[in-house]
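As a plain string of letters, each chain reads:
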Amino acid sequence: MRLGRTFSRAFFDRPCLAIAPELIGAYLVRRLADGTELVGRIVEVEAYLGDGSDPGSHSHRGLTARNRAMFGPSGRLYVYRSYGIHTCANIVCEPEGHGAAVLLRALEPTAGVERMRALRKLACDAGDREIASGPGKLARALDLHMGHCGAGLFRGAIQLRRAAVGDARPDVTCSRRIGLSPDPADRRLRC
DNA sequence: CGAATGATGGTCT
DNA sequence: GACCATCATTCGT
């Protein structure tokens, strides 16, 4: 595994539909309180629009206490609780006030794998694929929680880093959304 | 395998 | 009071 630089702030002030596929192959780096570094390569994301055309987006009905971070500065996390049980993490995109974000749906673990397995309370022989193959699993594996809502991704305990120059570029495919009502315009929101 | 389902609680109407 | 940007488990094939 070779890590590149963090993304520039300007990178995130662009349309979330453009950002989403470019996040595939990037690395999410999580440093725990005891110094353990957990790293995963992003393999699946989903865009949630802020222009009012996406009924599935949390921002669709305007600013609320829960989705406040989604309307805040880009390049930060928007974290929410799902089904009362699970935690999901998004990256806020576009200029402040737009309400656009990209949901982190799955990672391929690349460092700190044993610790992730423990955080997920998985058996020692569980496959790496099980560790972060879903938004709720991903947050649990990296110990992301509501306290991280609004946290920046440029420095500190949670960072998003480009793949190193020369890394094989992953094949990126985009498809329609699943798991909630389909996008009315059938846009390719899932990557 | 795949499909069905209960858990569980904050948020919004 | 309804609705979830989900997951693990259970049951059927």
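Our subject is the structure that appears above.
Since we're looking at a predicted model, the values are computed, not measured.

A. Quick peek at the protein's contact with DNA strand B. In the vicinity of DNA strand B, the residues found are Arg61, Thr64, Arg66, Tyr83, Gly84 and Ile85. Sugar plus phosphate, as a fraction of atoms of DNA strand B within 4 Å of the protein: 55%. Between DNA strand B and Gly84, the relevant distance is 3.3 Å, taken from a base nitrogen to a main-chain nitrogen or oxygen of the residue. By residue class, the composition of the surface near DNA strand B is two nonpolar, two polar and two charged.

B. Here's a closer look at the environment of Met146. The topology assignment puts Met146 in the loop between helix H4 (135-141) and strand E7 (158-163). Accessibility expressed as a relative area gives 37% for Met146, which makes it partly exposed. Apart from the residues within four sequence positions on either side, Met146 is in contact with Val79, Tyr80 and Arg81.

C. Spatial organisation of the sheet that holds strand E2 (residues 27-31). If you trace the seven strands from one edge of the open sheet to the other, you get E1-E7-E2-E3-E6-E5-E4, paired in antiparallel fashion. In this open sheet, the two edge strands, each paired with only one partner strand, are strand E1 (3-6) and strand E4 (77-82). Shown here is a sheet whose adjacent strand axes are inclined to one another by a mean of 45°, direction ignored. Where strand E5 (residues 86-93) meets strand E6 (residues 100-111), four bridges bridge the pair, whose relative direction is antiparallel.

D. Region of the structure containing the side chain of Arg30. With respect to the element layout, Arg30 can be found in strand E2. In terms of polar contacts, Arg30 uses its side chain to reach the backbone carbonyl oxygen of Leu142, at 2.8 Å. Leaving out residues up to four positions away in the same chain, Arg30 has contacts with Thr36, Glu37, Leu38, Leu142, Asp143, Leu144, His148, Ala157 and Ile158.

E. Here's a closer look at the environment of Gly97. Structurally, Gly97 can be placed in the loop between E5 and E6. Using a relative accessible area of 44% as the deciding quantity, one classes Gly97 as partly exposed. Separated by 27 residues in sequence, Gly97 and Met70 have C-alpha atoms that sit 8.0 Å apart. Not counting the four nearest positions on each side in its chain, Gly97 is found in contact with Phe71 and Gly72.

F. Quick look at the side chain of Arg105. With respect to the helices, strands and loops of the structure, Arg105 is situated in strand E6. Beyond its immediate stretch of four places on either side in the chain, Arg105 contacts Glu44, Val45, Glu46, Ala132, Ser133, Gly134, Pro135, Leu138 and Arg190.

G. Focus on the packing of aromatic side chains. Counted under the stated rule, the structure contains five aromatic pairs. Here the aromatic rings of Phe11 and Phe12 are separated by 5.0 Å at their centres, their planes lie at 90°, and the arrangement is edge-to-face. The pair Phe11 / Phe12 is uniform in exposure class, with both members buried. The residue whose ring lies beneath Arg9 is Phe154, and the NZ or CZ to ring-centre distance is 4.3 Å. The residue whose ring lies beneath Arg14 is Phe11, and the NZ or CZ to ring-centre distance is 4.6 Å.

H. Seen up close, unusual backbone geometry. Positive phi values are uncommon outside glycine, yet Tyr83 reaches one of about 55°. You can call Tyr83 exposed: its relative accessible area is 74%. Despite not being glycine, Glu94 shows a phi value in the positive range, around 70°. One can find Glu94 in the loop between E5 and E6. Classification of Glu94 by relative accessible area gives buried; the value is 13%.

Cut-offs applied
Residues numbered from 1 in each chain as written. Chains lettered and ligands numbered in written order. Predicted model: local features only at pLDDT ≥ 70, side-chain atom pairs only at ≥ 80, totals over all residues. Heavy atoms only, no water. Near = heavy atom within 4 Å. Polar contact = N/O pair within 3.5 Å; in protein donor to acceptor, adjacent residues only side chain to side chain. Nonpolar A, V, L, I, M, F, W, Y, C, P; charged D, E, K, R; others polar. Helix = DSSP H or I, 4+ residues; strand = E, 2+ residues; numbered from the N terminus. Buried < 20%, exposed > 50% of the residue type's maximum accessible area, 1.4 Å probe, protein only. Contact = heavy atoms within 4.5 Å. Pairing = 2+ DSSP bridges. Axes fitted to C-alpha atoms, helices over the stretch in contact; angles between N-to-C directions. Phe/Tyr/Trp six-rings, centres within 6.5 Å; stacked < 30°, edge-to-face > 60°. Lys NZ or Arg CZ within 6 Å of the ring centre and 35° of its normal.

Function cannot be read off these values alone, since they describe shape.
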